[in-house]
Amino acid sequence: MNTVETIGMSARAPVDGSAPLLSARGLRLAFGLTEALRGVDLDCHAGEIIAVTGPSGSGKSTLLHVLAGVLVPDEGTVDYDTIRLTDLDEAGRSRLRLEKFGFVFQYGQLLPDLTAADNVTIPLLLAGVTRREARRRADAWLDRLGLGECSRKLPAQLSGGQAQRVAVARALATKPTLLFADEPTGSLDSLAAETVMLALTEAARDANAAVILTTHDPRTAAYADREVVVRDGQTTVGGAYG
Amino acid sequence: MRLFTLTRIVTAEGRGAYGRLIGMAGGIAVGVALLLLLLGAYDGVTSRSERLSWPSLSHGEWSTQVQNPAAAAPTDESVLAATNLEHFDGDEIIRVDIVATPDSTVVVPGVGRPPAAGTYHASPALIALIEANPTDILGSRYGTPVGVIDEAGLAGPDSLVVVTGTTTENLRPSIAGVAGTVFLRGGVWSVTEFRGVSYPSSNYRAITIIGAIAVLLPVLILVGIVTRLGAATRAERFAALRLIGATPRRVAAIAATETGVTSLVGALAGVALAWLLIPVAALVEMEDGQFFRADLTVPPSTVLIVVAGVVAGCTAVAGWRTSRSRIGPLGGSRERTERRPTALGVVPLIAGVVVLLGATTAALRHTPLPRTDQILIAGFLLLVVGLIAAGPVLTYWIARIAARRAHRTAWVIAMNRIQQHPRATFRAVSGLVAAVFLVSVFSAGITTVAEESPTEDADYLSPSILVAWLHPPSPDGASAAASEITAVTAATARVARTDGVTATAIGSSHPEGGAVFTAADAARVGLSNPHGASHIQVSDSSAFGDGSLVTRPATASGPTPGLLLVATDGTTRSVERARTAVLGSELRLLSPPMTRADHESARWQTWADRYANLGHLAVLVATLISAVSLAVSSIAAILDRRRVLGLLRLMGMPVSTVRRVIVAEAALPLATVFALCVGLGILTAWCIVAGLTEGERTINWLPPSYYLILATSLALAATTVVATFRTARTSTTIEATRIG
């Protein structure tokens, strides 16, 4: 499995000759007097799974949001493929998130009034897919993640693990090239967490999607190709792969 | 004390929490203020009726009718009085002529001692009218002004009342008339005490009930909505409390305390708001005009009962609702879906339609059910309740169909939300629905008066001709009669010289009733003479009041003058100048001169003017409150889902989609029942009008003002929804996605 890189080094991917799918350089972001990010570098290659770990309040989620274009850094750049994310306006970043990225969160991420299948169709509808095609794809994803019988259920009728797998299906339904997962197993017991992580990583690998996930759970981090530790707003470069 | 501290910590910490509590208190304040104003108006009309009715001289043992006024005389303990109804430019002036001794002990309400002969006291509104017009148009009717009638003798600040002092010789007997809601007895009366009676009319009670429903229903809905504000956030906090060991009873107590304190603050603010609004509310005309501010002031005991009742009610409901919601240790994290509405919800609506149509059909067949009026009101109330009860059912059905056909993201989110929460969604627009229904009933109902407006037709007497019936001459022999004829002729000649008078005609009394005019006189004032007869006869009051002018050939009648017609050039000034000239002449009038327009406008004003203001005000208030309810509900619906919507925005969903969700969630329930409300409102109005009159009356096309009100209501709803867009944008940012 992976190893943790040493403190003080930037979290760049190992040199294998390919250009990174996502590349962040010199990210700095402060909330008032609090410096959440203090010069973070990070590369993520296509199909790679990176676990961002660190203690609570270390800046994991902030880093994830900056990489996904949700937050704009005070300094530094984020490049996705050939697009400089940090130069885009809000609408441009939203479009990029919708078309190229997928998201999985810890809590409250499913619309409570929509069935599992309808929840999965939302990003597809936003991307302009017809309702019929969206439902077809949603059902296919739910089947693939073992949730075929739950497609007509409301989130309140699902277990925590099932709801997270629905969220994974929703995140992957638009065939993103990069998946962001913020504490995807944070609210689950170990068994459910294992099921979700297996589903997430397998589906991501099948789709050749890269994954950047935050977690404080070493067992979840173990599913990643490498681990990047964030402490006091700086990355400590993680390590060994596979 | 610990309960209060705990409540403050749990429910009132943080900016959002304070906003929620302020919203709740604000809603309750509006409700309490309107309730107090309604109660004040109800009491005000009762006390106003006492002040309004004193000129009607026939109440009780303190007044007796004088059979022969010429032989009567006042004493120090009694006065002679006659009340007449005069007109000026479409307004009614109550004129009380009093003959009193110099040492009279009789007290005239608002005046004190009776005025001396040739002097008068007038109400402030009439004084303003007199001062605004030349003396020969109005002021010279009454003599010399010596004082103002104060509030004790007036129905309201816009009342037109004059108390004149006169002599027995000049005391003009009156005929019966209706001033506003007061029936004025005719004749001359000997009065020992002027006293009014309290008589809130049954019409007023019915209108009050409808008005109260129109205003209070949206208020109750608003209070219901504001007390649910931030329910999701609060549920999470309560769940956290349960997790650390609080019992359900303790949680319910905290919820009740929070609502109790907030509703107390809101209720006290409502009392202050009502006090501030009294001057504005006093401007509203109802039945007999505007109110004095004191009329609308509610006694402290009533204020106390209202405040205590509202606080106790809100507190009890909050505690009960929290107990019933069974918030468990994990209860805050999952949203409850509503119980699916069933078809039973439309039963009251159907029952209301059946009751209304049944009672109306029986009335149209001239076999009316006993107490048809009460059955119709019951049907109306059933429909109001039925619309509110059926709304969620219909909304659910439509949303279900719409959800299947939805293709847009916003539509999918909104339709599914409505399917899961049909009652909450409909509640947001239910106030508006009630307002639209009530305005439809009201607007359609008052169209029945349109058919009564004065008709301009050759078959009718011109509305600009003054009609004055003359007192029959005293049977004192031929010489007296001759001198009276001479006097009438001379007085008429003086009237004819008045500016704006184009012709006069004196008709002689006919033994069978009515008056006979020579062909020449008839032609001068425009009476039709189709057969070219030398004389024509016109009938009594029906000729100049209720129907078309019917003339028939006649032979010359006796010389006794019975009817004076004064034709004018039609301008208001000319009509009023001529009226003042007639009133100031030596003519012995049976009643003040009137035009046909005066006569008819007095009748149809009863409905159109007196209740239209109240109805439109009720609708305006109901619509405004409903708009606030809609805004609060829309914002609450977004705030309750802010995290999920924030996460969707984080995933790339544009904020415009959130806006479309808000629009769809407000538009669907409104659109579902809007046409139904309009249709049922018009049907209800027709049933009430036709049912109460056994088909003698019906309703007409709705006036443009109705469509204006509907458009205003919809525009207000649209504005309200648009106003929530900012909340949609700011509350679904990245901060919303954070836990805790």
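S.K.: Even after reading the chapter, I still don't get the overall build of chain A, so can you show me in this structure?
M.R.: Looking only at helices and strands, chain A has seven helices and ten strands in total. Evaluated residue by residue, chain A yields a buried proportion of 56% over its 242 residues. For chain A, the proportion of contacts with a sequence separation of at least 24, taken over those separated by at least 6, is 72%.

S.K.: Whenever I open this one, the sheet that holds strand S7 (residues 178-182) of chain A confuses me. Can you help?
M.R.: In any sheet, the strands associate via hydrogen bonds between backbone groups, in a parallel or an antiparallel arrangement. All names here are of chain A. Here we have six strands laid out as an open sheet, ordered S6-S7-S8-S3-S9-S10, and mixed in their pairing. Among the strands making up the open sheet, the edge pair consists of strand S6 (101-104) and strand S10 (234-236). Going across the sheet, the axis of each strand differs from the next one's by a mean of 20 degrees, ignoring polarity. Pairing between S6 and S7: four bridges, direction parallel. Paired with Phe103 across the two strands is Phe180, which belongs to S7. Of the strands in this sheet, S6 and S7 are in contact with helix H5 (residues 160-172), which crosses S6 at around 170 degrees.

S.K.: What is the right way to look at unusual backbone geometry in this model?
M.R.: The phi torsion of most residues other than glycine is negative, and most of the peptide bonds are trans. Even without a glycine there, the phi angle at Asn208(A) is positive, about 55 degrees. As for its position among the elements, Asn208(A) is in the loop between helix H6 (190-206) and strand S8 (210-215). A residue is classified by how many C-beta atoms lie within 10 Å of it, and Asn208(A), with 10 of them, is exposed. Its identity is not glycine, yet Arg371(B) carries a phi of approximately 55 degrees, on the positive side. Position of Arg371(B) among the secondary structure elements: in the loop between helix H9 (347-364) and helix H10 (372-405).

S.K.: Help me out: how do you make sense of the packing of helix H11 (residues 409-420) of chain B against helix H19 (residues 655-692) of chain B in this one?
M.R.: The description of two packed helices rests on the angle between their axes and on the distance between the axes. Residues and elements named next belong to chain B. Direction vectors running N to C along H11 and H19 enclose 45 degrees, while the axes themselves pass 8 Å from each other. By the angle class used here, H11 and H19 are oblique. Classified by chirality, the crossing of H19 by H11 is right-handed. When H11 is examined against H19, the residues Thr409, Ala410, Trp411, Ile413, Ala414, Arg417 and Ile418 are found in contact with a partner set consisting of Thr657, Arg660, Val661, Ala664, Glu665 and Leu668. The residue inventory of the contact of H11 with H19, partitioned by class, reads eight nonpolar, two polar and three charged.

S.K.: Would you mind going over the interface of chain A and chain B with me for this structure?
M.R.: Interface size is commonly expressed as the accessible surface area that is lost when the partners come together. Taken together, the contact pairs 26 residues of chain A with 24 residues of chain B. Broken down by secondary-structure element, the contributors of at least two residues to the side of chain A that touches chain B are helix H2 (90-100) and helix H3 (116-126) of chain A. Of the residues forming the side of chain A that touches chain B, the biggest block, six residues, is contributed by H3(A). Its residues placed into classes, the side of chain A that touches chain B shows 15 nonpolar, six polar and five charged.

S.K.: Please clarify how helix H16 (residues 572-584) of chain B should be interpreted in this entry.
M.R.: At 3.6 residues per turn, the α-helix brings residues three or four places apart onto the same side. Residue and element names in this part refer to chain B. An ideal rise of 1.5 Å per residue puts 18 Å on 13 residues; H16 measures up with 18 Å between its terminal C-alpha atoms. Buried residues dominate H16, accounting for ten of its 13 residues. Listing the buried residues of H16 in full gives Ser574, Val575, Glu576, Arg577, Ala578, Arg579, Thr580, Ala581, Val582 and Leu583.

S.K.: Whenever I open this one, the sheet that holds strand S1 (residues 63-66) of chain B confuses me. Can you help?
M.R.: Residue and element names in this part refer to chain B. Here we have seven strands laid out as an open sheet, ordered S1-S9-S2-S3-S6-S4-S5, and mixed in their pairing. Edge strands, defined here as strands with exactly one partner in the open sheet, are S1 and strand S5 (144-148). For this sheet, the mean angle separating the axes of adjacent strands, direction not counted, is 30 degrees. Where strand S2 (residues 79-88) lies against strand S9 (residues 188-191), three bridges are found, and the strand directions are antiparallel. The partner of Val79 across the bridge, within S9, is Val191. Packing of helix H3 (residues 124-132) onto the sheet brings it into contact with S2, strand S3 (91-99), strand S4 (119-122), S5 and strand S6 (161-165), and relative to S4 it is tilted by some 115 degrees.

S.K.: What should I look at first to understand the environment of Arg137(A) in this one?
M.R.: All names here are of chain A. You can see Arg137 is positioned in helix H4 (residues 131-144). Residues Arg137 and Ala169, 32 residues apart in the sequence, show an inter-C-alpha distance of 9.7 Å. With residues near it in sequence (within four places) discarded, Arg137 still touches Leu124 and Ala173.

S.K.: Could you clarify how one ought to interpret the nonpolar core in this entry?
M.R.: One broad trend across soluble globular proteins is that nonpolar side chains are buried collectively. Judged by nonpolar contacts, the single largest core of 208 residues is most densely connected at Val168(A) and Leu387(B). For this core, the element with the most residues is H19(B), which contributes 18 residues. Judged by nonpolar contacts, the second largest core, of 39 residues, contains Leu52(B), Val66(B), Val99(B) and Val163(B).

S.K.: Looking at this model, I keep getting lost on the packing of helix H12 (residues 422-445) of chain B against H19(B). Mind explaining?
M.R.: Residue and element names in this part refer to chain B. It is the contact of H12 with H19, at a shortest axis distance of 7 Å, that shows an interaxial angle of 25 degrees. Between H12 and H19, the crossing angle belongs to the class labelled roughly parallel. In the packing of H12 onto H19, the handedness of the crossing is right-handed. Broken down by class, the residue content of the contact of H12 with H19 amounts to 22 nonpolar, five polar and one charged.

Analysis parameters
- Residues numbered from 1 in each chain as written.
- Chains lettered and ligands numbered in written order.
- Predicted model: local features only at pLDDT ≥ 70, side-chain atom pairs only at ≥ 80, totals over all residues.
- Helix = DSSP H or I, 4+ residues; strand = E, 2+ residues; numbered from the N terminus.
- Buried ≥ 20, exposed ≤ 12 C-beta atoms within 10 Å, placed from the backbone.
- Contact = placed C-beta atoms within 7 Å.
- Pairing = 2+ DSSP bridges.
- Axes fitted to C-alpha atoms, helices over the stretch in contact; angles between N-to-C directions.
- Parallel < 35°, antiparallel > 145°, perpendicular 65-115°, else oblique.
- Left-handed = near helix turned anticlockwise from the far one by under 90°.
- Nonpolar A, V, L, I, M, F, W, Y, C, P; charged D, E, K, R; others polar.
- Expected span 1.5 Å × (residues − 1).
- Core = buried A, V, L, I, M, F, W, Y, C linked by C-beta atoms within 7 Å.

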